[in-house]
Amino acid sequence: SEETTNTHIVSAFNISDFYSTQESLQWQITPSECSGIDYDMLRRQDLPILLYDECLLYQDDLEDCGEVDFEAKLRVMPNCWFLLNKMHLRVDGAIVRSREIRLFHKFV
């Protein structure tokens, strides 16, 4: 007679590196006095926005197991540019992740 074994299938949609899955790590968010992004310059309404564009770089329904999308938004002003990358991942019954990367450059 054959024995039936229950096999747990691990989804490849939510694989993380070793360090992001450590339960022993205690992350602490602390406010920074200087993030490197000049938000006051970005809020200035007297400076025109020379270019603004947003682009959906990737989107998938993960074989009906959730969804993932990755988008970028770019703003160029006379004295700086700002890029916002956003990734959202949802795997049904497993995980929800949202990551944002902000890049800023002030022209000299």
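Just so you know, these numbers come straight off a predicted model, no measurement behind them.

Calculation criteria
Each chain carries its own residue numbering, running from 1 in the direction its sequence is written. Whole-chain, interface and lining totals are the exception, using all residues; otherwise, since this is a predicted model, local features are given only for residues with pLDDT of at least 70 and side-chain atom pairs are given and counted only at 80 or more. Side-chain numbers here rest on the full set of heavy atoms in the structure, without hydrogens or water. One speaks of a salt bridge when a side-chain nitrogen belonging to Lys or Arg is within 4 Å of a carboxyl oxygen belonging to Asp or Glu. A run of DSSP states H or I qualifies as a helix once it reaches four residues; a run of E qualifies as a strand once it reaches two. Both are numbered from the N-terminal end. The buried label goes to any residue with under 20% of its type's maximum accessible area, the exposed label to any with over 50%, and the partly exposed label to all in between, with areas taken from a 1.4 Å probe on protein chains only. In this description, strands pair whenever DSSP reports at least two bridges between them.

Focus on the pattern of salt bridges
Phase 1 of the analysis: For the structure on display, the rule yields 6 salt bridges.
Phase 2 of the analysis: Here D38 makes a salt bridge to K106, at a shortest N to O gap of 3.4 Å. Residue D38 is located in the segment before α1 (39-43), and its partner K106 is located in strand β4 (residues 95-106); the two are separated by 68 residues in the primary sequence.
Phase 3 of the analysis: The class for K106 is partly exposed, based on a relative accessible area of 43%.
Phase 4 of the analysis: R90 is the partner of D92 in a salt bridge, and the nearest nitrogen-oxygen pair spans 2.1 Å.

What about the pairing of strand β3 (residues 80-91)?
Phase 1 of the analysis: With 12 bridges connecting them, strand β2 (residues 66-77) and β3 associate as antiparallel partners. Note on β3: the bridge partner recorded for V68 is L89.
Phase 2 of the analysis: Turn length for the β2-β3 hairpin, with the two strands adjacent in sequence and antiparallel, is 2 residues.

Such coordinate-based values are descriptive only and should not be taken to indicate function.
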